[in-house]
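Summary of structural features
Listed below are the residues making up each chain.
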Amino acid sequence: MHHPFTPVASVAVDPRRARVHEEGWQSWSPSGAYALGDTPHRPTNTNWATVCYRPGVTVPEGVFQGEGLLALDPGDGSPVRLWAAVDPTREVPSVRLTVHGRRAEISATGPVKEWEGADIQSMLADWAAGLGLGTPRRAPTVWCSWYEYFTAVTEDDIHENLRAMDTLDLPVHVVQIDDGYQKALGDWLTLSGRFRSRARIADAIRARGRRAGIWTAPFLVDPASDLAAEHPDWLVRDLDGGFAHAGRNWGHDLNVLDTTHPRAAAYLTDVFRTLRAEGYDYFKVDFLYAGALDGVRHTRVDALQAYREGVRLIRDAIGPESYLLGCGAPMLPSIGLFDAMRVSPDTAPHRRPEADDYSQPGQDPAEFTGIGRQWQHGRLWINDPDCLMARPAVETRERWADHVAATGGLVASSDRLLSLDLWGVETTRRLLSGAAR
């Protein structure tokens, strides 16, 4: 599947002052600018290589590599150079930079076009603006259950926070239920034991003048789900005839829904039409990388085409008015499909990620990649820097709040609101109010 690298350009550089911007494959893949002497962030194990980086692509030591985009500031006063995919929604070549003394050699696995500009972020912004997508819709302000309750969230937790928004006078447009309401990945319409009625929660949210939002990972299937047991033919297969492997998370292996299978596509459409009919009109779709994994599908299509068609099924089912936020999504193949996009790994109550892997949850990796992708904001979509956490237990919560505010993107609070101290309430209100204006 992967093509060899062919030479594209040779550029003189100042080895001390030059900077290279690597664009990662998906939301959680580290992206940003490095000095030539830096060691770029790479996966620390094979599972994260699948779940958070470009699957099947290994980058040798001592080189820089962007997926579909790579920019170079030569550091000698000459223009910044950008090499970008010619048609980024269809083909995303890897672009590699190798340094030999005072020269940088650029190569790529497919067609790229070269651009010139003044500095890396403005060059990337110009490229994005040149795609002619139009201005994305403004993001609503959000409260999200994830970073306080994780998968243990209950229906009562949602109601408690819904009441607290009124008590604390917080301008929250959308109350978004995250992972934990469903029985299993794939069994989206079957509730876990902690929830009684999705439709009634949506009614309660809307009765208080707010919008109902919900999380799914539409292309992932738990091997232990009813869907996997009853419809194994709806799953993407690997070349050896087994099921395609989307990595390991939540403590178990993951399968992939084959949206090119007509009945699997009909099921996915039914899931989102049902949620829309119940009153949900804000949809966070997560772990989308799975829809772009190589594998044997019912219809012989390229993986990126299967991915885009899968997202279009969702958009058609929820309607044009609903707000669609992508996450864990292959970046360039997602152009033109989403209202908002997570542009970094997950944040966390702590700064440093596990095993120092910058695809893993932590404020440092979320800041590094969020800053590196600021050029996408307002041009490709509204950037989602990930949720604000303002409770006292969060390390360096002031610095994290400053980062969320500085992006100018989507603002989502993810605390148990009654656990906030005065600083937390005031900061949450200030950021939500700024985004709501």
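This is a predicted model, so every value here is computed, not measured. (Residues numbered from 1 in each chain as written. Predicted model: local features only at pLDDT ≥ 70, side-chain atom pairs only at ≥ 80, totals over all residues. Heavy atoms only, no water.)

Strands sit in the order β22-β21-β20-β19-β14-β11-β10-β23 across an open sheet of eight strands; the sheet is parallel. Across the chains shown, the open sheet's two edge strands, defined by having one partner strand only, are β22 (382-384) and β23 (412-413). Across five bridges, strand β14 (residues 211-216) lies against strand β19 (residues 280-285) in parallel orientation. The residue of β19 that forms the bridge with Ile214 is Phe283. (Pairing = 2+ DSSP bridges. Helix = DSSP H or I, 4+ residues; strand = E, 2+ residues; numbered from the N terminus.)

Once that is clear, we can look at the environment of Phe150. Mapped onto the elements of the fold, Phe150 is located in the loop between α3 (146-149) and α4 (155-167). What Phe150 contacts, discounting residues up to four positions off in sequence, is Ser145 and Asp179. (Contact = heavy atoms within 4.5 Å.)

The biggest cluster of nonpolar side chains holds 101 residues, and the ones touching the most others in it are Trp127, Leu220, Phe272, Tyr289, Tyr307 and Phe338. Not counting residues up to four positions away in its chain, the partners in contact with Tyr307 are Phe219, Leu288, Gly291, Ala292, Ala329, Pro330, Pro333, Ser334, Leu337 and Phe338. Formed by 17 residues, the second largest nonpolar core is a distinct cluster that contains Trp83, Val95, Ala104 and Ala108. (Core = buried A, V, L, I, M, F, W, Y, C linked by side-chain atoms within 4.5 Å. Buried < 20%, exposed > 50% of the residue type's maximum accessible area, 1.4 Å probe, protein only.)

Of all ten residues that make up helix α9 (residues 363-372), eight are buried, and the element is covered over most of its length. If you follow the buried residues of α9, they end up packed against β2 (19-22), β3 (32-35), α2 (120-129) and α10 (397-407).

Moving on to the environment of Tyr147. Assignment of secondary structure puts Tyr147 in helix α3. Residue classification places Tyr147 among the buried positions, given a relative accessible area of 4%. Here the alpha-carbon distance between Tyr147 and Met389, two residues 242 residues apart in the chain, equals 7.6 Å. Every residue in contact with Tyr147, bar those within four places of it in the chain, is listed here: Arg342, Asp346, Thr347, Asp386, Cys387, Met389, Arg391 and Ser414. Of the polar contacts made by the side chain of Tyr147, one reaches the backbone nitrogen of Thr347; its length is 3.5 Å. A polar atom in the side chain of Tyr147 sits 2.4 Å from the side chain of Asp386. (Polar contact = N/O pair within 3.5 Å; in protein donor to acceptor, adjacent residues only side chain to side chain.)

What follows covers the packing of aromatic side chains. Evaluation of the coordinates by the stated rule reveals 15 aromatic pairs. An angle of 70 degrees between the planes, with centres 4.9 Å apart, marks the rings of Trp28 and Phe287 as edge-to-face. Of this pair, Trp28 sits in the loop between β2 and β3 while Phe287 sits in the loop between β19 and α8 (303-318); the two residues are 259 residues apart in sequence, bridging distant segments of the chain. Residue class for Trp28 comes out buried when judged on its relative accessible area of 5%. Taken together, a centroid distance of 6.2 Å and an interplanar angle of 75 degrees make the contact between Phe219 and Tyr307 edge-to-face. Placement of Phe219 in the loop between β14 and β15 (220-221) and of Tyr307 in helix α8 is noted, with a sequence separation of 88 residues between them. Residue Phe219 shares its accessibility class with Tyr307, and that shared class is buried. Directly above the aromatic system of Phe5 lies the positively charged group of Arg96, at a separation of 3.9 Å from the ring centroid. (Phe/Tyr/Trp six-rings, centres within 6.5 Å; stacked < 30°, edge-to-face > 60°. Lys NZ or Arg CZ within 6 Å of the ring centre and 35° of its normal.)

Note that every value here comes from positions in space, so none of it alone points to a role or purpose.
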